[in-house]
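So you can see what is in the structure, the chains are spelled out below.
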There are 2 protein chains.
Amino acid sequence: MDLPLSVDRASPVPLYFQLSQQLESAIEQGALAPGSLLGNEIDLAGRLGLSRPTVRQAIQSLVDKGLLVRRRGIGTQVVHSQVKRPMELSSLYDDLEAAGQRPATRVLRDTVEEATAEVAAALSVPEGTQVRRVERLRLTHGEPMAYMRNHLPADLLPAEGADLESTGLYRLMRTAGVTLHSARQTVGARSAGTAEAELLGEPAGAPLLTMRRTAYDDTGRPVEYGSHLYRASRYSFEFQLLVRP
Amino acid sequence: MDLPLSVDRASPVPLYFQLSQQLESAIEQGALAPGSLLGNEIDLAGRLGLSRPTVRQAIQSLVDKGLLVRRRGIGTQVVHSQVKRPMELSSLYDDLEAAGQRPATRVLRDTVEEATAEVAAALSVPEGTQVRRVERLRLTHGEPMAYMRNHLPADLLPAEGADLESTGLYRLMRTAGVTLHSARQTVGARSAGTAEAELLGEPAGAPLLTMRRTAYDDTGRPVEYGSHLYRASRYSFEFQLLVRP
DNA sequence: CAGTGGTCTAGACCACGGA
DNA sequence: CCGTGGTCTAGACCACTGC
């Protein structure tokens, strides 16, 4: 393990974080081969001039990410398989942008209306409360990919409809000071109705992926309820699961 | 915060784990109201006769689970929304059993064959390697729910076909000493072919949910590749996401 | 300003796995 | 047996928050 590890004590970045980042990039770039042992924590601490708990904190964060495995009496090993990110709470916009698909968005609707029973339940507000309703069509390469209908508290975002054509909803929420914390999702499938089929450019009765999601901020307040339709011929959900240890 | 917290130093259960379990059950049972502050770590440590790092470890594990939120200068709060478990790497059998659905399984096939290119790639073995192929039909209340096709290394499990009718595949693997670590999944949808429709009791062309999954053990070795079909009219995937902090 | 969590140290003992 | 990670202690200083 002759890795060029080092920490900068003058940096405001926590020492354990500096170390975990260096280890993570070493793993990603193959400098730490899958299956190889990391060397014991005591040596690593001594070599970097850190205490053992600090080194353990760095290693533990990578274990939590699924990049390393620790075994008593054995050591710390790099996991063989390339573990990618677990499914993230990202907007489809970010997903597609990251995939280099250059997404475009057409805002079909951006209004304030009274919450239906379904929306009110999802957002934990009384039925009839004023909520903002956004409907968008997401396109890639000029072809429809998804129809997205969102409901959010009316006061959550400044009423700037134009931004939604160029920015994902979650990015706007973060800019507005909303810290996302968790979300509950349901993924299913059904056949397209005639209007849906026409909107998405599919034949009538084509299979569609459905996704309903309620997202919560870090105080547990529901900040978004979405009910989306994806063309099954052009989209699927891909994600990584880690087994709880 | 007058909770009846206590730790047993004679127990082999780690102190931080005892504490986190007590806090978790207090949250679940409502003894710790959502939004309430947990009290500072120093006091808590002093009251229990623990050191601060130990208390922090207990709290941190609950933060990782999404039950608590910490803010500098504020304190530790119970999250408002009921956070349930993130999506788990469970077999459908376990899913249904937990939901009280009394699942039944019909093993349609349990053979050893040569790996196709698709299976070989997923299991990281040379094409043509001998692999075990299992096909099952999962039923609830006498109705078909899913058709599951799995491929696994031929030597992974003892060749006991009968168990598959009464036990989930993952349970069998765990019994055989396989420690699951992670999995990569893809969820999509398509229309049922005539044979699939008949098998699942759906009309031809009905929408089906598709799921492909490769599971890895803790050394990173692929231990299972599954390609499954679910009746969209009777099944959907539901899961919780936590935003990485 | 006082109080909170965030980070860090330098030790200690134990449990487990392999030689 | 030795080396590994797992747990734990009793302090310390810093950064951020709200008053």
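Here the structure is shown first, and the text comes after it.
Read on for an overview of the structure. (Residues numbered from 1 in each chain as written. Chains lettered and ligands numbered in written order. Predicted model: local features only at pLDDT ≥ 70, side-chain atom pairs only at ≥ 80, totals over all residues. Heavy atoms only, no water.)

Okay, the protein's contact with DNA strand C next. Neighbouring residues of DNA strand C: 25 residues in total, closest Arg9, Leu15, Ser51 and Thr54 of chain A together with Asn40 of chain B. Near the protein, meaning within 4 Å, the atoms of DNA strand C are sugar or phosphate in a fraction of 72%, with bases accounting for the rest. Here a sugar or linking oxygen of DNA strand C sits 3.5 Å away from a polar atom, N or O, in the main chain of arginine 72 of chain A. In this structure, glutamate 41 of chain B approaches DNA strand C through a main-chain N or O atom, which is 3.2 Å from a phosphate oxygen. (Near = heavy atom within 4 Å. Polar contact = N/O pair within 3.5 Å; in protein donor to acceptor, adjacent residues only side chain to side chain.)

So, about the protein's contact with DNA strand D. Lining the immediate environment of DNA strand D, one finds 24 residues, of which Asn40 of chain A together with Arg9, Leu15, Ser51 and Thr54 of chain B sit closest. For DNA strand D, the backbone makes up 71% of the atoms found within 4 Å of the protein, where backbone means sugar plus phosphate. The backbone of leucine 15 of chain B places a nitrogen or oxygen atom 2.3 Å from a phosphate oxygen of DNA strand D. Within the side chain of arginine 52 of chain B, a nitrogen or oxygen atom sits 3.1 Å from a base nitrogen of DNA strand D.

Residues and elements named next belong to chain B. Where helix H1 (residues 15-28) meets helix H3 (residues 52-65), the closest approach of the two axes is 8 Å, and the angle between their N-to-C directions is 50°. What the angle tells us is that H1 and H3 run oblique. By crossing handedness, the relation of H1 to H3 is classed as right-handed. Contact residues: Leu15, Tyr16, Leu19, Ser20, Leu23 and Glu24 in H1; Thr54, Val55, Gln57, Ala58, Ser61, Leu62 and Lys65 in H3. (Axes fitted to C-alpha atoms, helices over the stretch in contact; angles between N-to-C directions. Helix = DSSP H or I, 4+ residues; strand = E, 2+ residues; numbered from the N terminus. Parallel < 35°, antiparallel > 145°, perpendicular 65-115°, else oblique. Left-handed = near helix turned anticlockwise from the far one by under 90°. Contact = heavy atoms within 4.5 Å.)

A few words now on the nonpolar core. Core analysis: the largest hydrophobic core is formed by 26 residues, its most contacted members being Val187 and Phe237 of chain A together with Val187 and Phe237 of chain B. Put simply, the parts of the chain that give this core at least two residues each are strand S5 (143-153), strand S6 (180-191), strand S7 (207-217) and strand S9 (237-242) of chain A together with strand S5 (143-153), strand S6 (180-191), strand S7 (207-217) and strand S9 (237-242) of chain B. (Core = buried A, V, L, I, M, F, W, Y, C linked by side-chain atoms within 4.5 Å. Buried < 20%, exposed > 50% of the residue type's maximum accessible area, 1.4 Å probe, protein only.)

Attention shifts here to the sheet that holds S7 of chain B. Strand order across the open sheet formed by seven strands is S9(A)-S6(B)-S7(B)-S8(B)-S5(B)-S4(B)-S3(B), with antiparallel pairing between neighbours. A single partner strand is all that each edge strand has here, and the edge strands are S9 of chain A together with strand S3 (103-114) of chain B. Across this sheet, the average inter-strand angle for adjacent strands is 15°, counted without regard to direction. Looking at chain direction, S6 of chain B and S7 of chain B are connected through 11 bridges and run antiparallel. By the bridge assignment, glutamine 185 of chain B is partnered in S7 of chain B with arginine 213 of chain B. (Pairing = 2+ DSSP bridges.)

Before going further, it helps to spend a moment on the packing of helix H2 (residues 41-48) of chain A against helix H3 (residues 52-65) of chain A. Residues and elements named next belong to chain A. Two elements in contact, H2 and H3, have axes whose closest approach is 9 Å; the angle formed by their N-to-C orientations is 110°. Comparing their axes, H3 and H2 come out roughly perpendicular. The chirality of how H2 crosses H3 is right-handed. Along the contact surface, H2 presents Glu41, Ile42, Leu44 and Ala45, while H3 presents Arg52, Val55, Arg56 and Ile59. Grouping the amino acids of the contact of H2 with H3 by side-chain chemistry returns five nonpolar, no polar and three charged. (Nonpolar A, V, L, I, M, F, W, Y, C, P; charged D, E, K, R; others polar.)

For the coordinates displayed, the defined rule picks out 32 salt bridges over all chains. Among the salt bridges present, the one from glutamate 135 of chain A reaches arginine 109 of chain A, with a minimum N-O distance of 3.9 Å. Linking glutamate 135 of chain A in strand S4 (residues 130-140) with arginine 109 of chain A in strand S3 (residues 103-114), this pair joins segments that are 26 residues apart in sequence. For glutamate 135 of chain A, a relative accessible area of 9% corresponds to the buried category. For arginine 109 of chain A, a relative accessible area of 32% puts it in the partly exposed group. A salt bridge links glutamate 113 of chain B to arginine 109 of chain B; the shortest N-O distance between them is 3.2 Å. What makes glutamate 113 of chain B buried here is its relative accessible area of 16%. (Salt bridge = Lys/Arg side-chain N within 4 Å of Asp/Glu carboxyl O.)

Any functional reading would require information beyond the geometric quantities listed.
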